[in-house]
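Summary of the model geometry
Each chain, letter by letter, is given below.
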Amino acid sequence: ADLILRIVEGAEELGLDVEKTTDAILFGMGAAGSKGFPGETPEDFINFMMGPEVGRHVYGMEAIQLKKEHSIAHFHHCPLYEKWKQLGLSEERIDQLCNIANKADLGRASNFKHVNLTFPKRLGGGDEYCELNAQWKD
């Protein structure tokens, strides 16, 4: 949480394009994190995201649907979101930071050939959970 906030604040202070800066850093970090993982389908991706036991605990991950063509996971807790709330950031700023944090997951998904990842629900957007919606792409 602190790293993402610091990257955004640093980019703003330096007059850099926040979107381009966070694309390069967070998307790249996510892509590095899933590089070499076997699989290419939405089901493979959600299984990858659900893999670490600690992640399931920390994020309260729940697989809603696991199918080759379309898989969905819900995250019921997010330490990033909680930290930003504790810091007293505005709802708008938290929403911005959540969207930026999602870039790491988009980077992870980029190594799965047939995955188009969207986030129809997000804690930072006022929803009760974050939804990772992985759909088949050609």
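Here, the structure is the one placed above.
To keep things clear, this report deals only with the structure shown in the data block.

Conventions adopted
Residues numbered from 1 in each chain as written. Predicted model: local features only at pLDDT ≥ 70, side-chain atom pairs only at ≥ 80, totals over all residues. Heavy atoms only, no water. Pairing = 2+ DSSP bridges. Helix = DSSP H or I, 4+ residues; strand = E, 2+ residues; numbered from the N terminus. Axes fitted to C-alpha atoms, helices over the stretch in contact; angles between N-to-C directions. Polar contact = N/O pair within 3.5 Å; in protein donor to acceptor, adjacent residues only side chain to side chain. Contact = heavy atoms within 4.5 Å. Buried < 20%, exposed > 50% of the residue type's maximum accessible area, 1.4 Å probe, protein only. Parallel < 35°, antiparallel > 145°, perpendicular 65-115°, else oblique. Left-handed = near helix turned anticlockwise from the far one by under 90°. Nonpolar A, V, L, I, M, F, W, Y, C, P; charged D, E, K, R; others polar. Salt bridge = Lys/Arg side-chain N within 4 Å of Asp/Glu carboxyl O.

Structural notes on the sheet that holds strand E4 (residues 130-136)
Strand order in the open sheet formed by 4 strands is E1-E2-E4-E3, and the pairing between neighbours is antiparallel. At either end of the open sheet lies a strand with only one pairing partner, and these are strand E1 (61-65) and strand E3 (115-118). Recorded for the sheet is a direction-independent mean angle of 20 degrees between the axes of neighbouring strands. With 4 bridges joining them, E1 and strand E2 (residues 70-75) adopt antiparallel strand pairing. Pairing of Glu62 across the sheet is with His74, part of E2.

Observations regarding the side chain of Thr41
Along the chain, Thr41 turns up in the loop between helix H2 (18-34) and helix H3 (42-50). Polar side-chain contacts of Thr41 include one of 3.1 Å to the side chain of Asp44. Contact partners of Thr41, with chain neighbours within four places excluded, come to Lys68, Phe112, Val115 and Trp136.

Digging into the side chain of His74
With respect to the helices and strands, the residue His74 is situated in strand E2. With relative accessibility at 9%, the residue His74 sits in the buried group. Not counting residues up to four positions away in its chain, the partners in contact with His74 are Gly60, Met61, Glu62, Ile64, Tyr129, Cys130 and Glu131.

Brief notes about the pairing of E4
On a regular strand, one side chain projects to one face of the sheet and the next to the other, so that they alternate. Counting buried residues in E4 gives 5 out of 7 residues, a clear majority hidden from the surface. Two elements, E2 and E4, share 6 bridges in a ladder whose sense is antiparallel. In the sheet register, Phe75 faces E4, and the bridge partner there is Cys130. Summarising the sheet, E3 and E4 pair through 4 bridges and their orientation is antiparallel. Bridge pairing links Thr118 to Asn133 in E4.

Comments concerning the packing of H3 against helix H6 (residues 91-109)
Following both chains from N to C, one finds H3 and H6 inclined at 125 degrees, their axes separated by 10 Å at the closest point. One way to sum up the angle between H3 and H6 is to call them oblique. Note that H3 runs across H6; the crossing there is right-handed. Within the contact between the two elements, H3 uses Phe45, Phe48 and Met49 and H6 uses Asp105, Arg108 and Ala109. In the contact of H3 with H6, the residues fall into 4 nonpolar, no polar and 2 charged.

Quick look at the pattern of salt bridges
In total, this model carries 8 salt bridges according to the counting rule given. Of the charged contacts in the structure, one is a salt bridge between Glu19 and Lys103, with a shortest N-O distance of 2.7 Å. One end of the pair, Glu19, is in helix H2; the other, Lys103, is in helix H6, with 84 residues separating them in the sequence. For Lys103, a relative accessible area of 7% gives the class buried. Across the pair Asp23 and Lys103 runs a salt bridge whose closest N-O atoms are separated by 2.9 Å. With Asp23 in helix H2 and Lys103 in helix H6, this residue pair connects regions lying 80 residues apart in the sequence. Residue Asp23 is classed as partly exposed on the basis of its relative accessible area, which comes to 38%.

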